[in-house]
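Working through the structure, step by step
Below, each chain spelled out in residue letters.
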Amino acid sequence: MHLRHSLAGRTRTNGERGQSVAEIAIVLPVLLLVLLMAIDFGRLFSAVVTLNNAVRVGANYAATHPYAWDAINSPTDAEQRADYEVEILRELVGANCTLDPVTPSQPTFPGGTLTFGSTAQTALTCRFTPLTPMISLIVGQTVPLSAAAVFPIRTGVPGEAPPLPPCFNQSTVPQVEGEDINVANALIEAAGLVAAGSPTLTTGQRGVAKNQSPVGGTCASTGSTVTYEYRP
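My aim in this report is to walk through the structure given alongside it, one point at a time. (Residues numbered from 1 in each chain as written. Predicted model: local features only at pLDDT ≥ 70, side-chain atom pairs only at ≥ 80, totals over all residues. Heavy atoms only, no water.)

1. What to know about the packing of aromatic side chains
All chains considered together, the criterion is met by 5 aromatic pairs. Judged by centre distance (6.5 Å) and plane angle (50°), the rings of Tyr61 and Tyr84 are tilted. Highlighted residues: Tyr61 in helix α1 (residues 2-64) and Tyr84 in helix α2 (residues 75-91), separated in sequence by 23 residues. With respect to class, Tyr61 is no different from Tyr84; both count as buried. What links up through ring pairs into an aromatic cluster is the set Tyr61, Trp69, Tyr84, Phe109 and Phe168. (Phe/Tyr/Trp six-rings, centres within 6.5 Å; stacked < 30°, edge-to-face > 60°. Helix = DSSP H or I, 4+ residues; strand = E, 2+ residues; numbered from the N terminus. Buried < 20%, exposed > 50% of the residue type's maximum accessible area, 1.4 Å probe, protein only.)

2. Considering the state of the cysteines
Tallied over the entire structure, the rule returns 2 disulfides. A sulfur-sulfur distance of 1.9 Å marks the disulfide that ties Cys97 to Cys126. Looking along the S-S bond of the Cys97-Cys126 disulfide, the torsion reads about 90°, which is the right-handed sense. Of this pair, Cys97 sits in the loop between α2 and β1 (98-99) while Cys126 is found in strand β2 (residues 119-128), placing the two residues 29 residues apart along the sequence. Cys126 matches Cys97 in its accessibility class, with the two residues each being buried. Here Cys167 engages in a disulfide with Cys219; their sulfurs sit 1.9 Å apart. The sign of the S-S torsion, about -85°, decides the handedness of the disulfide formed by Cys167 and Cys219: left-handed. Here the residue Cys167 occupies a position in the loop between β3 (143-152) and β4 (171-172), and Cys219 occupies one in strand β7 (residues 219-220), the gap between them amounting to 52 residues. A residue is classified by how much of its surface remains accessible, and Cys219, at 38% relative accessible area, is partly exposed. The connectivity of the disulfide-linked cysteines in the protein, indexed sequentially, is 1-2, 3-4. (Disulfide = S-S within 2.5 Å.)

3. Remarks on the sheet that holds β1
If you walk across this open sheet you meet the 3 strands as β1-β2-β3, and the pairing is antiparallel. Here the strands that pair on one side only, and so sit at the sheet edges, are β1 and β3. Bridge count between β2 and β3: 10 bridges; the pairing is antiparallel. Across the sheet, Cys126 pairs through a bridge with Leu145, a residue of β3. (Pairing = 2+ DSSP bridges.)

4. Some points on the nonpolar core
Among the nonpolar cores identified, the biggest contains 27 residues, and Leu51, Trp69, Phe109, Leu124 and Leu145 are the most heavily contacted of them. The set of elements that each furnish at least two residues to this core consists of α1, α2, β2 and β3. If you tally residues by element for this core, the top one is α1, at 8 residues. Setting aside chain neighbours within four positions, we find Leu145 in contact with Leu44, Ala47, Val48, Leu51, Cys97, Leu124, Thr125, Cys126 and Phe128. (Core = buried A, V, L, I, M, F, W, Y, C linked by side-chain atoms within 4.5 Å. Contact = heavy atoms within 4.5 Å.)

5. Details of unusual backbone geometry
Look at the link from Asp100 to Pro101: it is a cis peptide, with omega at 0°. If you trace the backbone, Pro101 turns up in the loop between β1 and β2. The linkage connecting Ser213 with the following residue, Pro214, adopts the cis geometry, with an omega of -5°. Here Pro214 shows up in the loop between β6 (210-213) and β7.

6. As for the side chain of Gln212
Residue position: Gln212 is located in strand β6. Separated by 3.0 Å, the side chain of Gln212 and the backbone oxygen of Pro174 make a polar contact. One polar contact links the side chain of Gln212 to the main-chain carbonyl oxygen of Pro214, over a distance of 3.1 Å. Discounting residues that sit within four places of it in the chain, Gln212 has contacts with Val173, Pro174, Gln175, Val176, Glu177, Val226, Thr227 and Tyr228. (Polar contact = N/O pair within 3.5 Å; in protein donor to acceptor, adjacent residues only side chain to side chain.)

7. Quick notes on the pattern of salt bridges
Within this structure, the stated rule accounts for 2 salt bridges. Between Arg90 and Glu87 there is a salt bridge; the shortest N-O distance is 3.1 Å. Separated by 3 residues within a single helix, Arg90 and Glu87 lie in helix α2, roughly one turn from each other. Residue Glu87 is classed as partly exposed on the basis of its relative accessible area, which comes to 30%. A salt bridge links Arg127 to Asp100; the shortest N-O distance between them is 3.1 Å. Of the two residues, Arg127 sits in strand β2 while Asp100 sits in the loop between β1 and β2, which places them 27 residues apart along the sequence. Residue Arg127 is classed as partly exposed on the basis of its relative accessible area, which comes to 33%. (Salt bridge = Lys/Arg side-chain N within 4 Å of Asp/Glu carboxyl O.)

What follows is the structure, given as structure tokens:
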């Protein structure tokens, strides 16, 4: 009798242990997934905060050194433009986000002037990489994050503006006529413009850009399209 009860009790104990192991095996992956997602959301929040701090630092620097972007390209101006990038990159050290492009974009001046009381703006984009595979499947391998900040210009003489460089707040259209279409596309994209080649020519050298619009050396809004024709 005692042996029977002992065997029955041992069987129940082994069964309970087996059930516990099975439950842990089922629950553990879910808990790990939840933990990874929580870590990812924390990393994402940190990246957003860091990126917002970086654009504020950049806009504030541009607002206190606006003449670094005027038409007089002095050694001091070059140093200040370099300092602007250093300040932003220092703020982004340790961020869970990779700056895209890796070099901070130069500030813009929405008011169109560098006068006291006008505005300076810094806008940045970075790419956040999730750790959780499930999140990557939903949103992709990287998540683009963007931020911008605007500060009033706080230096200079009210009402007096320095000379502005050509195409201030715009892009200078590169001269691409006569260039290989791959070179033409690279030049246009480097200027912050969009290349649109049309294979419409039937004569002339193959794969060479012709008849571009707008013409090289003119000013165009950043992000606008430069078209050209070529013979395929």
